[in-house]
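Here's the letter readout for the chains.
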Amino acid sequence: MTQYVAHGLLRAAHQGRTAERGRCVLHLDMDAYFASVEQRDVPLYRGRPLVVCHTSSDFCRHGVVATASYEARRWGIKAGMSVWEARSRCPHACFVHADIPKYLHNTRLLRRLCERLSPRVEVFSVDELFVDLTPLLRRCRPEERRWEEALRLGRDLKEEIRRKLGLTASVGIGPNKLVAKMASEFQKPDGLTLIIPEQLPGILAPLPVDRLVGVGERMRRHLRAMGVETVGDLARAPREVMEWKFGLVGRLLWEAAHGRDESPVVPGEEEQEVKSFGHSLSLRGGTRDLEYLENTLLGLCDAVTRRMRRQGYLGRTVSLRLRVGYAMGYARSRTLPEYADLTSPVYAAARDLLRREASSGLWTEPVTTVGVSVSQLRRREEGRQITIWECLDSREERLTAVLDALRDRYGEGVVTRASLLGDFALSGMNLAR
Amino acid sequence: MKLIVLKDDILRSLHMVQYSVSSRSVMPILSGVKMETREGTLRLSSTDLETSTHTSCPASVDEEGECVVNHKILTEITRDMTDEKMTIQLSGNELVVEGERSRFKLYTMPIDDFPSLSEINTPVVEELVAKSFSHAVQIVSKAASKDEKRPTLTGILMEVGKKEIKLVSTDSYRLAVYIVTNGFKVNEEGAFILPAAALVNLARITDPEERIYMKRDESGGRVEFGSEAFSYSVRMIEGKFPRYEQFIPESLENAVEVEKEELVRAVKRASIVSTTLKLEIKEGIITVVSESKEVGEGRESVGAIYDGSPITIAFNSKFLEDGISSVGEERVLINVTEPLKPGLIKGREKGDFQYVIMPIRI
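Here the structure is a predicted model, which means the values were calculated and not measured.

**Student:** Mind showing me how you'd approach the overall build of chain B here?
**Tutor:** Looking only at helices and strands, chain B has six helices and 27 strands in total. Within chain B, the proportion of its 362 residues that are buried is 54%. Long-range pairs, those at least 24 residues apart, make up 66% of the contacts in chain B with a sequence separation of at least 6. Here chain B displays about 17300 Å² of accessible surface, and carbon together with sulfur accounts for 46% of that area.

**Student:** Please explain the packing of helix H3 (residues 130-141) of chain B against helix H4 (residues 196-205) of chain B as it appears in this structure.
**Tutor:** Residue and element names in this part refer to chain B. Where H3 contacts H4, the axes come no closer than 9 Å and their chain directions differ by 145°. Both H3 and H4 take part in a crossing whose hand is left-handed. Counted together, Phe 133, Ser 134, Val 137, Gln 138 and Ser 141 of H3 and Ala 196, Leu 199, Val 200, Leu 202 and Ala 203 of H4 form the full contact between these two elements. Here the contact of H3 with H4 is composed, by residue class, of seven nonpolar, three polar and no charged.

**Student:** Could you clarify how one ought to interpret the confidence of the model for chain B in this entry?
**Tutor:** Note: predicted coordinates in regions of low pLDDT should not be interpreted at a detailed level. Here chain B shows a mean pLDDT of 92. Residues at 70 or above account for 100%. Here the prediction assigns the complex a pTM of 0.64, and the interface score ipTM is 0.76.

**Student:** Is there a simple way to explain the packing of helix H5 (residues 260-270) of chain B against helix H6 (residues 317-326) of chain B in this structure?
**Tutor:** The description of two helices packed together rests on the angle between their axes and the distance between the axes. Residues and elements named next belong to chain B. One way to put it is that H5 packs onto H6 with a least axis distance of 10 Å and a crossing angle of 165°. One way to sum up the angle between H5 and H6 is to call them roughly antiparallel. As H5 packs across H6, the resulting crossing turns out to be left-handed. Only Ser 317, Leu 320, Glu 321, Ile 324 and Ser 325 of H6 make contact with H5, whose side of the interface consists of Lys 260, Leu 263, Val 264, Val 267 and Lys 268. Partitioning the contact of H5 with H6 into residue classes produces five nonpolar, two polar and three charged.

**Student:** Whenever I open this one, the sheet that holds strand S3 (residues 64-68) of chain A confuses me. Can you help?
**Tutor:** Through backbone hydrogen bonds, the strands of a sheet pair up, either in parallel or in antiparallel fashion. All names here are of chain A. The mixed open sheet is built from three strands, whose spatial order is S3-S2-S4. Looking along the sheet, the strands with just one partner apiece sit at the ends: S3 and strand S4 (94-97). Neighbour-to-neighbour, the strand axes of the sheet open up by a mean angle of 35°, direction not taken into account. As paired elements, strand S2 (residues 50-54) and S3 share four bridges and run antiparallel to each other. In the strand pairing of S3, Cys 53 is matched with Val 65.

**Student:** How should the confidence of the model for chain A be read in this particular structure?
**Tutor:** All names here are of chain A. The predicted model of chain A has a mean per-residue pLDDT of 81, with 90% of residues at 70 or higher. Element-level mean pLDDT values for chain A span from 43 in helix H1 (residues 2-15) up to 93 in helix H14 (residues 343-358). Here residues 1-19 is a poorly scored stretch, pLDDT under 50, and it has 35 contacts once near neighbours within four places are set aside; other chains count.

**Student:** Please explain the packing of aromatic side chains as it appears in this structure.
**Tutor:** The way to describe two aromatic rings as a pair is by their centre distance and the angle between their planes. All names here are of chain A. Inspection of the entire model under this criterion finds ten aromatic pairs over all chains. A centroid spacing of 4.2 Å and a plane angle of 15° characterise the contact between Phe 34 and Tyr 103, whose relative ring orientation is stacked. Linking Phe 34 in helix H2 (residues 33-41) with Tyr 103 in helix H5 (residues 100-117), this pair joins segments that are 69 residues apart in sequence. An identical accessibility class is assigned to Phe 34 and Tyr 103; each is buried. One aromatic cluster in this structure is built from Tyr 33, Phe 34 and Tyr 103. Arg 379 extends its terminal NZ or CZ atom over the ring of Tyr 313, reaching a point 4.4 Å from the ring centre.

**Student:** I tried to follow unusual backbone geometry on my own but got confused; where do I start?
**Tutor:** Residues apart from glycine generally show negative phi values, whereas peptide bonds are mostly found in trans. The phi dihedral of Gln 376 of chain A is positive, around 55°, even though this residue is not glycine. Tracing the backbone shows Gln 376 of chain A in strand S12 (residues 367-379). Unusually for a residue other than glycine, Leu 49 of chain B sits at a positive phi of about 75°. With respect to the element layout, Leu 49 of chain B can be found in the loop between strand S3 (41-47) and strand S4 (51-58).

**Student:** What am I meant to see in the pattern of salt bridges here?
**Tutor:** Where charged atoms of side chains with opposite charge meet at close range, the side chains can pair. Counted under the stated rule, the structure contains 55 salt bridges over all chains. In this structure, Lys 102 of chain A engages Asp 41 of chain A in a salt bridge whose closest nitrogen and oxygen atoms are separated by 3.2 Å. Placement of Lys 102 of chain A in helix H5 and of Asp 41 of chain A in helix H2 is noted, with a sequence separation of 61 residues between them. Across the pair Arg 299 of chain B and Glu 280 of chain B runs a salt bridge, and its minimum N-O distance is 3.2 Å. In this pair, Arg 299 of chain B sits in strand S22 (residues 296-305) while Glu 280 of chain B sits in strand S20 (residues 276-282), placing the two residues 19 residues apart along the sequence. One salt-bridge network, held together by shared partners, links Arg 306, Arg 309, Arg 310, Asp 404, Arg 407 and Asp 408 of chain A.

**Student:** Looking at this structure, I do not really get helix H16 (residues 395-410) of chain A. What am I missing?
**Tutor:** For an α-helix the count is 3.6 residues per turn, leaving residues at separations of three or four pointing the same way. All names here are of chain A. Taking 1.5 Å of rise per residue, 16 residues should cover 22 Å, and H16 covers 22 Å from first to last C-alpha, within 8% of that figure. Residues of H16 that are buried include every one of Thr 400, Asp 404 and Arg 407, and no others. Down the axis of H16, the buried set is contained in an arc of 65°. They therefore lie on one face. In H16, those exposed residues whose orientation departs by more than 90 degrees from the buried face are Arg 395, Arg 398, Leu 399, Arg 409 and Tyr 410. For H16, the elements touching its buried residues are helix H13 (290-311). Positive phi shows up at Gly 411, right after H16, with a value of about 105°.

**Student:** Just checking my understanding: could you explain helix H8 (residues 177-186) of chain A for this structure?
**Tutor:** Residues and elements named next belong to chain A. The buried fraction of H8 amounts to eight of the ten residues, a majority that puts the element mostly inside the structure. For H8, the complete set of buried residues consists of Lys 177, Leu 178, Val 179, Ala 180, Lys 181, Met 182, Ala 183 and Ser 184. With a side-chain oxygen lying 3.2 Å from the backbone nitrogen of Leu 178, the N-terminal cap of H8 falls on Asn 176.

**Student:** Explain the sheet that holds strand S6 (residues 128-132) of chain A here, please?
**Tutor:** Residue and element names in this part refer to chain A. A sheet is described by the order of its strands in space; here five strands give the open sequence S5-S6-S1-S7-S8, paired in mixed fashion. In this open sheet, the two strands that pair with only one neighbour each are strand S5 (121-125) and strand S8 (192-194). Each strand axis lies, on average, 15° off the axis of its neighbour in the sheet, ignoring direction. Of the pairings in the sheet, the one linking strand S7 (residues 169-174) to S8 comprises three bridges and is parallel in character. Residue pairing in the sheet places Gly 172 in a bridge with Thr 193 of S8.

**Student:** Can you walk me through the interface of chain B and chain A in this structure?
**Tutor:** Reports of interface size often rely on the accessible area that becomes lost once the parts have come together. Between chain B and chain A, the contact holds 18 residues from the first and 13 residues from the second. Of the roughly 1600 Å² buried at the junction of chain B and chain A (both faces included), carbon and sulfur atoms supply 62%. When the buried surface of chain B facing chain A is broken down by residue, Phe 247, Met 358 and Arg 361 of chain B rank first, second and third, together holding 38% of it. At the boundary of chain B and chain A, one finds two salt bridges. Salt-bridge contacts for Glu 338 of chain A lead to Arg 150 of chain B; the nearest nitrogen and oxygen are separated by 3.3 Å. Two elements, strand S13 (residues 384-385) of chain A and strand S27 (residues 360-361) of chain B, share two bridges in a ladder whose sense is antiparallel. Residue pairing for S27 of chain B: Gln 385 of chain A is matched across the bridge by Ile 360 of chain B.

**Student:** What exactly am I supposed to notice about the environment of Thr 154 of chain B here?
**Tutor:** All names here are of chain B. Among the secondary structure elements, Thr 154 is positioned in the loop between H3 and strand S11 (155-160). Between the alpha carbons of Thr 154 and Asp 171 there is a distance of 7.5 Å; along the sequence they are 17 residues apart. Look past the residues within four positions of Thr 154 in its chain and what remains in contact with it is Ala 144, Ser 145, Lys 146, Asp 147, Glu 148, Pro 195, Ala 196 and Ile 237. Polar contacts involving the side chain of Thr 154 include one to the main-chain carbonyl oxygen of Pro 151, which spans 2.6 Å.

**Student:** Even after reading the chapter, I still don't get the environment of Thr 152 of chain B, so can you show me in this structure?
**Tutor:** Residue and element names in this part refer to chain B. Along the chain, Thr 152 turns up in the loop between H3 and S11. Sequence separation between Thr 152 and Asp 171 is 19 residues, and the spatial gap between their C-alpha atoms is 9.6 Å. Filtering out sequence-adjacent residues up to four positions away, Thr 152 remains in contact with Ile 193, Ile 237, Glu 238, Gly 239, Lys 240 and Phe 241.

Parameters and conventions
Residues numbered from 1 in each chain as written. Chains lettered and ligands numbered in written order. Predicted model: local features only at pLDDT ≥ 70, side-chain atom pairs only at ≥ 80, totals over all residues. Heavy atoms only, no water. Helix = DSSP H or I, 4+ residues; strand = E, 2+ residues; numbered from the N terminus. Buried < 20%, exposed > 50% of the residue type's maximum accessible area, 1.4 Å probe, protein only. Contact = heavy atoms within 4.5 Å. Areas by Shrake-Rupley, 256 points an atom, 1.4 Å probe, with all protein chains shown as cover. Axes fitted to C-alpha atoms, helices over the stretch in contact; angles between N-to-C directions. Left-handed = near helix turned anticlockwise from the far one by under 90°. Nonpolar A, V, L, I, M, F, W, Y, C, P; charged D, E, K, R; others polar. pLDDT = per-residue confidence, 0-100. Parallel < 35°, antiparallel > 145°, perpendicular 65-115°, else oblique. Pairing = 2+ DSSP bridges. Phe/Tyr/Trp six-rings, centres within 6.5 Å; stacked < 30°, edge-to-face > 60°. Lys NZ or Arg CZ within 6 Å of the ring centre and 35° of its normal. Salt bridge = Lys/Arg side-chain N within 4 Å of Asp/Glu carboxyl O. Expected span 1.5 Å × (residues − 1). Arc of directions from axis to C-beta. Polar contact = N/O pair within 3.5 Å; in protein donor to acceptor, adjacent residues only side chain to side chain. Buried area = accessible area lost by both parts, 1.4 Å probe.

Right, dumping it as structure tokens:
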């Protein structure tokens, strides 16, 4: 995540330059975000090592660590580590699935809290926000009072978050996004750090160069080869050399080393555009039983199309995701002739893909994960051209409408296919929403 | 081979065979035109393996022979010649094309590589007035699919019966049926799925005034259309054409009658705003409504004869325009029953054309 974020920041820094003087930006970084949310919601997890995993396995057997609580971090568990490794480091930790929709919802609440402070709020990632405080502080005189005021706002915001959301955050305040982000990293967790422009050279110069946003392992090696070890070294390097060697990134890094960053705080869209709907299921121990796989796939297609209908989307590209053994994962996809949101066209395509793969000879080991996703979406209200085939048989459409109405009223589990009553229902996937 | 031809004659023949010349370079020989002398004429042939065209043009032949040269180059040279007459002579593997002041040497292609397709002999239709057939093809081909993934839908179903010849096509959003009821003599009944694009090309090369025949080969894989001037053979599309009758609504209970040109113009204008058009049909009036979040909104009203209950139904503007403009009468009937049920477009008087159009769910 860090690397992606870093490049995003660099790119943004280049695109939207702002010449505003006397800026003041607040960076809010939630502490062990996913884990804190889970610990807040489930008392059992409090005070214990908790590992939130991105995994498709029911028992968090594989996949990667999304967030480790501070208790778990003491055992050396970090985000991005494989679940297997985390388990071997701390076998008694609690391992839970990441519930992304829950965290996103929480982020929305967080964003609303910040928006009460200033309308210029940028949701930078799921657990990071920038708030532009400049307009709030414009009337503060003299200059020093401004920073004091900013610190007070930061403290209040943290308190508000603790009170309303029951979470802690690290806050950094600085003259721009770059410095604010660095500041928030100085004290964690629950920190509040202010870096004013005058302090910048003193604070920045001794830092190792990889503390700069955008300097990863490779960049660090390149810079070391040039004799650049600290941010101060980088700032002293001639700008032309950096530009010549690394292009645009070089110049932006050089400016970052001086604590310069002109990228504005961009209030983002409320929600990101949905790109696809998908579900997958890990099969314990794996299977080669095609009938079993097809049945699982049918259940997944039911779940995916149900979600599409709930959110008013039609989709056209069906992708089948498979994992064979524990190493080889791959996907195959097919485009449907028409946009669809019913099970049968999606399932027919996914099943065809599955059958073809089953006969491909690629399955040297049992299939351990099967998943289906639908992409190339369009909104239902944009209208859907009906085909002549549909007027022959609209039974599935009518049946689906009735089932959807039932589920809306009595819950997802109220009705299910008889063929899915076995393992599939046990997996709980039929309740996915 | 040595012969003299009139420029206009050979140019007309070259244009006639152009639709079977393949532009793809997988097999270079398919970009060629085969020229051979036969009984005082010059016979030209081309094929892209799917279709093939033969035609001949009058020539004064001094020396018999045959060769294959690149069609495009020969056509361009011929078109730009200023002379009325051209001498064409083959020497070795060079074809020399000469006018009074110009002289071109074209390298020939290996004649043995030129594919020869089997003869097509079994007559299906002995004669058919080209004008009415071409007209039917032009109308029906609009509704044929362009999606290569479903090959049968890229074709036109041609049902040859003793009393009528039906042409049907559908791209699954609309279905067009055209019935030719006179001007033909059928030898054998049958149903054929033929590529719509090939039939359109056939309509282009036929002279409306002539009468054409249709034959099939024994294995049923290809059909040939032709007249004295040319012959054009097409490979049929394999597969089953959907049973189209089931899609055509039987009754016309809820039909609205409207003046064709007026409605076509209204639809055209409304479609500037959006490709999805809503038809609001009320007693005595049809309103064509187009709305777009980005552009704006348009409304067009057309007087109509209608006494049913008011109904609103949405269609794709192009499908609607294709359907209405294909009606060969001044007044059009549009039958709509429910917002999600198929609509039917036909002329008020005759039953020769029917167009089923599927609505858009909004």
